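Tertiary structure, described
Here is how the chains run, residue by residue.
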Number of protein chains: 6
Amino acid sequence: MPYVNIRITDEGCTTEQKKQLISGVTDLLEDVLGKNPKTTFVIIDDHTSTDNWGIGGETVTEVRKKGV
Amino acid sequence: MPYVNIRITDEGCTTEQKKQLISGVTDLLEDVLGKNPKTTFVIIDDHTSTDNWGIGGETVTEVRKKGV
Amino acid sequence: MPYVNIRITDEGCTTEQKKQLISGVTDLLEDVLGKNPKTTFVIIDDHTSTDNWGIGGETVTEVRKKGV
Amino acid sequence: MPYVNIRITDEGCTTEQKKQLISGVTDLLEDVLGKNPKTTFVIIDDHTSTDNWGIGGETVTEVRKKGV
Amino acid sequence: MPYVNIRITDEGCTTEQKKQLISGVTDLLEDVLGKNPKTTFVIIDDHTSTDNWGIGGETVTEVRKKGV
Amino acid sequence: MPYVNIRITDEGCTTEQKKQLISGVTDLLEDVLGKNPKTTFVIIDDHTSTDNWGIGGETVTEVRKKGV
């Protein structure tokens, strides 16, 4: 009965891509651990602005400007 | 000093229902564990689209269409 | 298809109390929002030491010593 | 720069299986969204007892006894 | 490789304040634990309405009205 | 009423260091956002093995072996 939370920045994940992430991670848990897909929960959080996400002490907005 | 996070899909939870969830879960923690309500935190996340929530390898949008 | 995470300090929550928390919060979500219990997930995290939990800038260990 | 949290019950996930979950989900995010693996974080929480996990208002311990 | 999640109510955190939170908490983890800033992740969740946040069994909206 | 969750690998964070993290992050939220320390919650999760934490598609255990 796994629970998976995927967090990404709000940079345009489409409905089709969400479907692929949900089916992909559910398959992975079945393949690797034999987990029953029926009770696998996946929640995708794609609401986070690049201003709200930091790495290396900077916002992702700043990191992106530097072309990293 | 419990912390409770309730996640639901964004299908119209009213302010009154949020109050009931918050008081209900705070009472539950006091009744069962004797936790002081003053330091019980509850956060309701009701921003998640049915496209972003998966069960059984499908999005809840798809599951709902099937009338499950 | 709600997901609920309850976090408490590791101060002796019994198996019976866990059952009461799980059934209580599942009932609450059915009563208030009409959520189907079959797809309500509840995870109780009771592994956190009072040294790892802070409130008011202090650990709960320190807060407890003061008799609060 | 995705962050993925996988939660499963503590029923014997091996080091090899953890590697497969981490590489599998990192590959998935690269394939579907073009995310750079270098900044993909994955955390597997496999510490949760079946007594602490509820579905359908019951603990997973109880659900397993019924042979579901 | 720390991961930090900061949750606050949606009451007007500016981009400049977000930068200060991200750099501040990254510095703290380097100063106290020697953690490499390059792999420190910080996510600020400031989307939560005061209606969705409870303390003492009440929503923060209600608590604020009382002038607490 | 902020809630902060700090996740680190289980590599020996002392009680004194935990105190510094809790007071440091509580001060930061007061300094930057004027948040009342009395209702600032901090939870440090330091139970995660380097086998359970992935970056770049590998476990931190593997990354450490390479001397990164």
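Since the structure is predicted, the reported quantities are computational estimates derived from the model, not experimental observations. (Residues numbered from 1 in each chain as written. Chains lettered and ligands numbered in written order. Predicted model: local features only at pLDDT ≥ 70, side-chain atom pairs only at ≥ 80, totals over all residues. Heavy atoms only, no water.)

What to know about the interface of chain B and chain C
At the junction of the two partners, chain B supplies 27 residues and chain C supplies 27 residues. It is B:Met1, B:Leu28 and B:Val32 that lose the most area in chain B upon contact with chain C, and together they represent 26% of the buried surface on that side. For the pair chain B and chain C, the interface holds zero salt bridges. Counting across the chain B and chain C interface gives five residue pairs in polar contact (both at pLDDT 80 or more). Elements that contribute at least two residues to the side of chain B that touches chain C include exactly β1 (3-9), α1 (15-33), β3 (53-55) and α2 (60-65) of chain B. Of all the elements, α1(B) adds the most residues to the side of chain B that touches chain C, at nine residues. (Contact = heavy atoms within 4.5 Å. Buried area = accessible area lost by both parts, 1.4 Å probe. Salt bridge = Lys/Arg side-chain N within 4 Å of Asp/Glu carboxyl O. Polar contact = N/O pair within 3.5 Å; in protein donor to acceptor, adjacent residues only side chain to side chain. Helix = DSSP H or I, 4+ residues; strand = E, 2+ residues; numbered from the N terminus.)

Regarding the pattern of salt bridges
Overall, the coordinates contain 30 salt bridges over all chains when judged by the stated rule. Of the charged contacts, one joins E:Glu62 and B:Lys19 as a salt bridge, the two residues approaching to 3.7 Å between their closest N and O atoms. Pair noted here: E:Glu62 is in helix α2 (residues 60-65) and B:Lys19 is in helix α1, and the two residues belong to different chains. Of the residues examined, E:Glu62 reaches a relative accessible area of 21% and is grouped as partly exposed. Looking at B:Lys19, the relative accessible area reads 30%, which means it is partly exposed. A salt bridge links C:Glu11 to C:Arg64; its shortest N-O distance comes to 2.4 Å. One end of the pair, C:Glu11, is in the loop between β1 (3-9) and α1 (15-33); the other, C:Arg64, is in helix α2 (residues 60-65), and 53 residues separate them in sequence. (Buried < 20%, exposed > 50% of the residue type's maximum accessible area, 1.4 Å probe, protein only.)

Remarks on the packing of helix α1 (residues 15-33) of chain A against helix α1 (residues 15-33) of chain D
The interhelical angle for the contact between α1(A) and α1(D), taken along N-to-C directions, is 160°, at an axis separation of 10 Å. By the angle between their directions, the pair α1(A) and α1(D) is classed as roughly antiparallel. Regarding α1(A) and α1(D), the two cross each other, and that crossing is right-handed. Contacts from A:Gln17, A:Gln20, A:Leu21, A:Gly24, A:Val25, A:Leu28, A:Leu29, A:Val32 and A:Leu33 of α1(A) reach α1(D) at D:Gln17, D:Gln20, D:Leu21, D:Gly24, D:Val25, D:Leu28, D:Leu29, D:Val32 and D:Leu33. Tallied by class, the residues present in the contact of α1(A) with α1(D) amount to twelve nonpolar, six polar and no charged. (Axes fitted to C-alpha atoms, helices over the stretch in contact; angles between N-to-C directions. Parallel < 35°, antiparallel > 145°, perpendicular 65-115°, else oblique. Left-handed = near helix turned anticlockwise from the far one by under 90°. Nonpolar A, V, L, I, M, F, W, Y, C, P; charged D, E, K, R; others polar.)

A look at the pairing of strand β2 (residues 41-48) of chain F
In terms of residue burial, β2(F) counts as a mostly covered element, since seven of its eight residues are buried. Sheet topology note: the strand β3 (residues 53-55) of chain C/β2(F) ladder contains three bridges and is antiparallel. Counterpart to C:Gly54 in the pairing with β2(F) is F:Val42. Direction of pairing for strand β1 (residues 3-9) of chain F relative to β2(F): parallel, over a ladder of six bridges. In the strand pairing of β2(F), F:Val4 is matched with F:Val42. Note on the crossover from β1(F) through helix α1 (residues 15-33) of chain F to β2(F): the handedness is right-handed. (Pairing = 2+ DSSP bridges. Right-handed = clockwise from strand over helix to strand, strands pointing away.)

Some details on the relation of the copies chain D and chain A
Rotating chain D by 180° and translating it 0.0 Å along the rotation axis places it on chain A, where the RMSD comes to 0.0 Å. Those values place the two copies in the arrangement expected of a two-fold rotation axis. Residue D:Asn5, judged by its C-alpha, is the member of chain D lying nearest the rotation axis, at 2.6 Å. Comparing interface residues between copies, 100% of those in chain D also lie at the interface in chain A; the contact surface is shared. (Least-squares fit on C-alpha atoms with pLDDT ≥ 70 in both.)

Digging into the interface of chain D and chain A
The interface is formed by 27 residues belonging to chain D together with 27 residues belonging to chain A. For the pair chain D and chain A, the summed buried surface comes to about 2200 Å²; carbon and sulfur atoms form 74% of the total. Taken together, chain D and chain A are joined by zero salt bridges. Applying the counting criterion to the chain D and chain A interface returns five residue pairs in polar contact (both at pLDDT 80 or more). Those elements that place two or more of their residues in the side of chain D that touches chain A are β1 (3-9), α1, β3 (53-55) and α2 (60-65) of chain D. Looking at which element gives the most residues to the side of chain D that touches chain A, the answer is α1(D), with nine residues. Its residues assigned to classes, the side of chain D that touches chain A shows 17 nonpolar, six polar and four charged. Bridging between strand β1 (residues 3-9) of chain A and β1(D) involves five bridges; their strand directions are antiparallel.

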